[in-house]
Structure formats: C-alpha cells, structure tokens
Amino acid sequence: MDIGRAIRFCRQQKGLTQPQLAALANLSTSYLSVLETGKGKRDPSLSSLQGIARGLGVPLSVLLFVAAEPSDLDTLSPEMHEKLAAATMKLLTASRDDRQPALV
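Summarised in this report is the structure supplied together with it.

1. Describing the overall build of the protein
So, step 1. For the protein, the count of helices and strands is 6 helices and 0 strands.
So, step 2. Beginning at the N terminus, the succession of helices and strands in the protein can be written as α-α-α-α-α-α.
So, step 3. In the protein, which comprises 104 residues, the share counted as buried stands at 38%.
So, step 4. Here the analysis covers contacts within the protein between residues at least 6 apart in sequence; of these, 61% occur between residues at least 24 apart.
So, step 5. In the structure as shown, the protein presents an accessible area of about 6,300 Å², 54% of it carried by carbon and sulfur atoms.

Encoded structure:
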C-alpha cells in the first residue's frame, strides 16, 4: 500500500496544492509533504487519514483503495476491479459541492 502516492494523486485530481490540503486536513504542510514523498517512512494516524480524506472530499475507503498495490487487489474479479476503479475516478473528479452522499 502506498498511501503517499494515493494522497498526492487524489490531491492533484482535486486541483489542490499541498498547503491547501494541509489546511483542510488540519495538518502542517511539511507533514503532508513527508507523507506524500514517503521520506521518513511515516505511518499516518487514522485521524490524520480521516482529515486528509475529508479535505479531499472523498471517503477514507476510496483513499485506501487508491493506495492499494496491484497485488492487494488480486482477490477481486476483473469486473469488480473495473467497477471500483470507475466509481473511484468519478468520486475523485466530482466537484467538492457535488458529492454523492450515498457513497460518502
């Protein structure tokens, strides 16, 4: 699982800078940068991940799905993987005001 890659990918998809996401997540920009780059091998707390997900406007489960390595998804059928990937991209590209409450 590469949570830093997932955070950076989702942040960029939402058009946010690190300082903007850090403010939304109530974290320091330097800590967010460390998480994204993987320097220092930091494991963020659940509350930090929840804040980041809220700041991104996506469910934490979506952030974790994006962080999954291909080998983590071996148990999913190709059809299920395709459906999850499509739903994930839809959530990531939706505007913050256009959330789908049933998925959040």
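Structure shown, so let's carry the discussion forward.
2. A look at the environment of Leu24
So, step 1. Checked against the element boundaries, Leu24 lands in helix H2 (residues 18–25).
So, step 2. Remark: the alpha-carbon pair of Leu24 and Ile52, spanning 28 residues in sequence, is separated by 7.5 Å.

Rules used throughout
- Residues numbered from 1 in each chain as written.
- Predicted model: local features only at pLDDT ≥ 70, side-chain atom pairs only at ≥ 80, totals over all residues.
- Heavy atoms only, no water.
- Helix = DSSP H or I, 4+ residues; strand = E, 2+ residues; numbered from the N terminus.
- Buried < 20%, exposed > 50% of the residue type's maximum accessible area, 1.4 Å probe, protein only.
- Contact = heavy atoms within 4.5 Å.
- Areas by Shrake-Rupley, 256 points an atom, 1.4 Å probe, with all protein chains shown as cover.

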